[in-house]
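Structural description and commentary
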Amino acid sequence: MIRQTRLEDAESITSIYNHYIKNTRTTFEVEPISVTQMIARIEECEKHGYPWLVAERDGQIIGYSYATQWKARSAYQHTVEASVYLAPESKGQGLGAKLFKELLETLKAQHIHVVIGSVALPNNPSIALLEKFGMEKVGHLKEVGRKFDQWVDVGFWQLILKK
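Residues numbered from 1 in each chain as written. Predicted model: local features only at pLDDT ≥ 70, side-chain atom pairs only at ≥ 80, totals over all residues. Heavy atoms only, no water.

Details of the pattern of salt bridges
The final tally for this structure, using the stated rule, is six salt bridges. Between Asp9 and Arg3 there is a salt bridge, with its nearest N and O atoms 2.8 Å apart. Both residues of the pair, Asp9 and Arg3, count as buried. Residue class for Arg3 comes out buried when judged on its relative accessible area of 10%. Bridged by salt links that share partners, the residues Arg3, Asp9 and Glu56 form one connected network. (Salt bridge = Lys/Arg side-chain N within 4 Å of Asp/Glu carboxyl O. Buried < 20%, exposed > 50% of the residue type's maximum accessible area, 1.4 Å probe, protein only.)

Things to note about the pairing of strand β3 (residues 60-69)
With respect to burial, β3 is a largely interior element, seven of its ten residues being buried. Both strand β2 (residues 52-57) and β3 contribute to a ladder of six bridges, which runs antiparallel. Along β3, the bridge assignment pairs Val54 with Tyr64. Hairpin connection between β2 and β3: a loop of two residues separates the two successive antiparallel strands, and Asp58 in this loop has a positive phi of roughly 50°. (Helix = DSSP H or I, 4+ residues; strand = E, 2+ residues; numbered from the N terminus. Pairing = 2+ DSSP bridges.)

Observations concerning the nonpolar core
Counting 43 residues, the largest nonpolar core has Ile13, Met38, Trp52, Tyr64, Phe100, Leu107 and Val115 as the members making the most contacts within it. Sorting elements by how many residues they give to this core places helix α3 (residues 95-109) first, with seven residues. (Core = buried A, V, L, I, M, F, W, Y, C linked by side-chain atoms within 4.5 Å.)

This is the structure in structure tokens:
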């Protein structure tokens with residue numbers, strides 16, 4: 001089941017996200033975050049009206065997706081960055097696609113015009129997910145992040161939502 005996030009979901013969401021911080025280059029954060037920090041992030045998205053969704057199975061949060069402000073300048077108000085994170089044991093089951101589809105539908109209903117996806121490279125599963133929904137690669141920044149003693153490139157994918 002996919003639904004809107006509630007603040008009591010923050011502990012499970014934090015656990016999923018911290019897995020990626022500690023074990024992957026998916027996020028450029030290097031120190032695990034607290035539940036309090038995650039709550040602040042969820043509330044910030046909600047304050048701007050951006051969706052934050054969770055996937056739940058048997059009462060457990062197994063993934064989440066959300067949109068955040070792309071840039072702070074006013075002219076960017078119709079552009080968001082979208083992210084999806086899954087519990088490691090939930091990967092490869094089509095859940096990421098379900099979460100991303102629901103997120104895109106919500107953003108379209110909110111009259112968001114452009115969705116950006118940024119991917120630490122290489123990351124074939126994330127690229128496949130974005131391209132499944134028609135997102136096109138529009139940029140590639142070389143060696144802009146450093147994690148686990150390696151330089152990491154970032155690619156950008158874009159989708160213009162049709163009305």
